Amino acid sequence: MPMDLLAHVPGDRGWPVVGHTLSFVHDAAGLVERHRRAHGDVFRMRVLGREGVTFLTPQATREIYLDPGKVLSSERGWSSSIGPLFRNGLMLRDFDDHHRHRRVMQQAFSRAALTGYVDAIHDVTDRHLRGLPAGDVDVYVLMKRLTLDIAAEVFVGVSLGQQSERVNRAFQAAVAASITPLRVAVPGSTYRRGLRGRAELTRVFGELVAQRRREEPRGDLLSRLSHATTEDGELLPVDDVVDHMVFLMLAAHDTTTSTLAVMLWQLALHPAEQDRVAEEVRALGGAPVTPADHGRLEHTTRAMQEALRLSPPVPFSPRHALADVEITGVRVPAGHGVNVSSLALHRHPDWWTLPDAFDPDRFAPGREEHKQHSHLFVPFGGGAHLCIGNHVAEVMVKAIVARLLAGRRVTADPAAGVVIRPVPIPKPRGPMLLTVR
Ligand code: HEM
């Protein structure tokens, strides 16, 4: 029997072969909470074939994200779930290679680029929501369509039109495949559908990158990335741009959809909070939301933070120890996983008042619960892999909420019993119905 190198870490190895994977997929929050209650803030788990240590303290989160010894691989951490499906994306690169690609990609996330995206986001949102009829609507479905259209027009620079449904299906198949426990491409399997979806996305983006390179640079993200250059003044190979774009769709689309759905749902359940947001967004007078407006939209900002706290779109950040490492004094031997969990940290009872309650004022001056530690509230991660799209996400979420709530009111039935499955990216298990008036 091989030596158990994690014997010093509390916890167990779960079921034979699958470990804790099934509980993780079906109830990740419950699984982590059960482990926390039984073992404290550091415990072992075995998920999707990776055996590792999960840390639930902000200090450990800081040490893991900053990784001063450069021994924690994001690529190896993420590849067991999204690897073949979202290969070579920025999060699936490490150290110098990651740094080189991130510098190139940064050109598509500069302040000037963001300014260009703002108007386009506003236009698509306006077009979508202008004709929204009063009545019941599934807010998750509505937001998913809207963010996909934004991704198509603002990021890809095309109206995907008839291709839109196919691209969306291909994309969803790839996302679903990323957490399926059965990771072999047998006919009819989720994993095989995912690999086919990936192939379809590669084809569509391959054609688009070639097209952008034949054209003059334009304002969309794909064009910026297609024309971005390395320090030596060279363009990235087409395959790299395609891999980055497919990954960006993953990183940008379901994350903002989930944030918007949770935020609007909570505002529907909390009319007084909705009033405060509505008053602020009406004061904008229909102008596009820009990064400069964030100061004026303080209630909107807190409501967004609270949605990100309760339902972080990236609930876990897995890493893989390439060498022996000590995190907050706990030894993790080389070859094992290391997990950060914003999902658990954001509701940790030692740090937050009534952690399950929607209470945006916990972020307000005077309380600022999130400031107890630099790495307690980490919806966008930290360190070298900090979300590159955080400003885009913020503008997008606020622009959509502003457009929706400036002239309308949303309500929801508190007894509807909406349950959100947190992994891989939060999604309601059934309809998430809002009544729009
Ligand atoms: C509310 C929305 C979003 C949330 C909560 C979010 C969260 C995150 C988190 C936590 C990470 C780091 C994961 C890790 O270290 O393991 C990350 C990385 C990343 N995000 Fe976001 N994200 C959001 C929206 C976006 C958008 C809109 C884009 C692009 C337009 C984007 C692009 C990326 C990219 C490219 C990375 C990888 C960065 C790197 O490895 O250097 N994200 N995101």
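Under an unreviewed UniProt entry, the name given to the protein chain is Cytochrome P450, and the source organism is Klenkia taihuensis. Checking UniProt for the protein chain, the heading Cofactor (unreviewed entry) contains the comment "heme".

Draft legend 1. Quick look at helix α6 (residues 139–156). With 18 residues, α6 ought to run about 26 Å at 1.5 Å a step, and its terminal C-alpha atoms sit 24 Å apart, in line with that. For α6, the tally of buried residues reaches 14 of 18 residues, placing the bulk of the element in the interior. Where α6 begins, the side chain of Asp138 points an oxygen toward the backbone nitrogen of Tyr140, at a separation of 3.0 Å. In the stretch just after α6, Gly157 is the one whose phi turns positive, near 80°.

Draft legend 2. Summary view of the coordination of the iron atom of the ligand. Among protein residues, the single donor to the iron atom of the ligand is Cys387 (SG), with a metal-donor distance of 2.3 Å. Inspection of the secondary structure puts Cys387 in the loop between α13 (342–345) and α14 (390–407).

Draft legend 3. Molecular detail of the sheet that holds strand β12 (residues 433–436). Pairing is antiparallel in the open sheet, where three strands are placed in the order β4-β12-β9. Among the strands making up the open sheet, the edge pair consists of β4 (135–138) and β9 (410–411). Direction of pairing for β4 relative to β12: antiparallel, over a ladder of four bridges. Bridge pairing in β12 links Gly135 to Val436. Against the sheet, α6 touches β4 and β12, its axis set at about 65° to β4. Contacting β9 and β12, helix α10 (residues 238–269) runs over the sheet at an angle of about 60° to β12.

Draft legend 4. Region of the structure containing the side chain of Thr147. With respect to the element layout, Thr147 can be found in helix α6. When residues no more than four places from it in sequence are discounted, the contact partners of Thr147 are His253, Thr256, Thr257, Leu260, Met396 and Ile400.

Draft legend 5. Looking closely at the site of the ligand. With respect to spatial proximity, 28 residues lie near the ligand, and among them His98, Arg102, Arg319, His385 and Cys387 are the closest. The backbone of Met91 places a nitrogen or oxygen atom 3.4 Å from an oxygen atom of the ligand. In the model, an oxygen atom of the ligand is placed 2.6 Å from a nitrogen or oxygen of the His98 side chain. Put simply, the parts of the chain that give the shell around the ligand at least two residues each are α4 (95–106), α10 and β5 (316–321). If you tally residues by element for the shell around the ligand, the top one is α10, at six residues. Looking at side-chain class alone, the shell around the ligand contains 19 nonpolar, seven polar and two charged residues.

Draft legend 6. The arrangement of the pattern of salt bridges in detail. All chains considered together, the criterion is met by 33 salt bridges. Among the salt bridges present, the one from Arg34 reaches Asp27, with a minimum N-O distance of 3.9 Å. Note that Arg103 is salt-bridged to Glu231, the shortest N-O span being 3.0 Å. With Arg103 in helix α4 and Glu231 in the loop between α9 (221–227) and α10, the pair connects residues that are 128 residues apart, well separated along the chain.

Draft legend 7. Here's a closer look at the pairing of strand β2 (residues 50–55). Among the six residues that make up β2, six are buried, leaving the element largely enclosed by the rest of the structure. Covered by surrounding structure in β2 are Arg50, Gly52 and Thr54 together with Glu51, Val53 and Phe55, the residues of both alternating faces. Taken together, the six bridges between strand β1 (residues 42–47) and β2 define a ladder with antiparallel strand orientation. Paired with Phe43 across the bridge in β2 is Thr54. Linking β1 to β2, which pair antiparallel, is a turn of two residues; within it Leu48 sits at a positive phi near 50°.

Draft legend 8. Focus on helix α8 (residues 190–214). The end-to-end C-alpha distance of α8, which contains 25 residues, comes to 37 Å, matching closely the 36 Å that a straight helix rising 1.5 Å per residue would cover. Looking at α8, one finds that the buried residues are Tyr191, Gly194, Gly197, Arg198, Glu200, Leu201, Val204, Phe205, Gly206, Leu208, Val209 and Arg212.

Draft legend 9. Seen up close, the sheet that holds β5. Pairing is mixed across the open sheet formed by five strands, whose spatial order is β1-β2-β8-β5-β3. The sheet terminates laterally at β1 and β3 (72–73), the two strands that pair on one side only. Sheet topology note: the β5/strand β8 (residues 337–341) ladder contains five bridges and is antiparallel. Within the sheet, the bridge partner assigned to Pro318 lies in β8 and is Asn339. Where helix α2 (residues 58–66) meets the sheet, its contacts fall on β2, β3, β5 and β8, and the angle it forms with β8 comes to roughly 120°.

Draft legend 10. Inspection of a nonpolar patch on the surface at higher detail. Among the surface-exposed residues, Leu182, Val184 and Val186 lie close enough to one another that they form a single nonpolar patch of about 240 Å² accessible area. Note that Val184 resides in the loop between α7 (163–177) and α8.

Reading guide: rules and limits
Residues numbered from 1 in each chain as written. Predicted model: local features only at pLDDT ≥ 70, side-chain atom pairs only at ≥ 80, totals over all residues. Heavy atoms only, no water. UniProt positions renumbered as here; feature names shortened; annotations may be inferred. Helix = DSSP H or I, 4+ residues; strand = E, 2+ residues; numbered from the N terminus. Expected span 1.5 Å × (residues − 1). Buried < 20%, exposed > 50% of the residue type's maximum accessible area, 1.4 Å probe, protein only. Polar contact = N/O pair within 3.5 Å; in protein donor to acceptor, adjacent residues only side chain to side chain. Donors = N, O, S within 2.8 Å, 3.2 Å for Na, K, Ca; no water. Pairing = 2+ DSSP bridges. Contact = heavy atoms within 4.5 Å. Axes fitted to C-alpha atoms, helices over the stretch in contact; angles between N-to-C directions. Near = heavy atom within 4 Å. Nonpolar A, V, L, I, M, F, W, Y, C, P; charged D, E, K, R; others polar. Salt bridge = Lys/Arg side-chain N within 4 Å of Asp/Glu carboxyl O. Patch = residues over 30% accessible without salt bridge, like charges linked within 9 Å, V, L, I, M, F, W, Y side chains within 5 Å. Areas by Shrake-Rupley, 256 points an atom, 1.4 Å probe, with all protein chains shown as cover.

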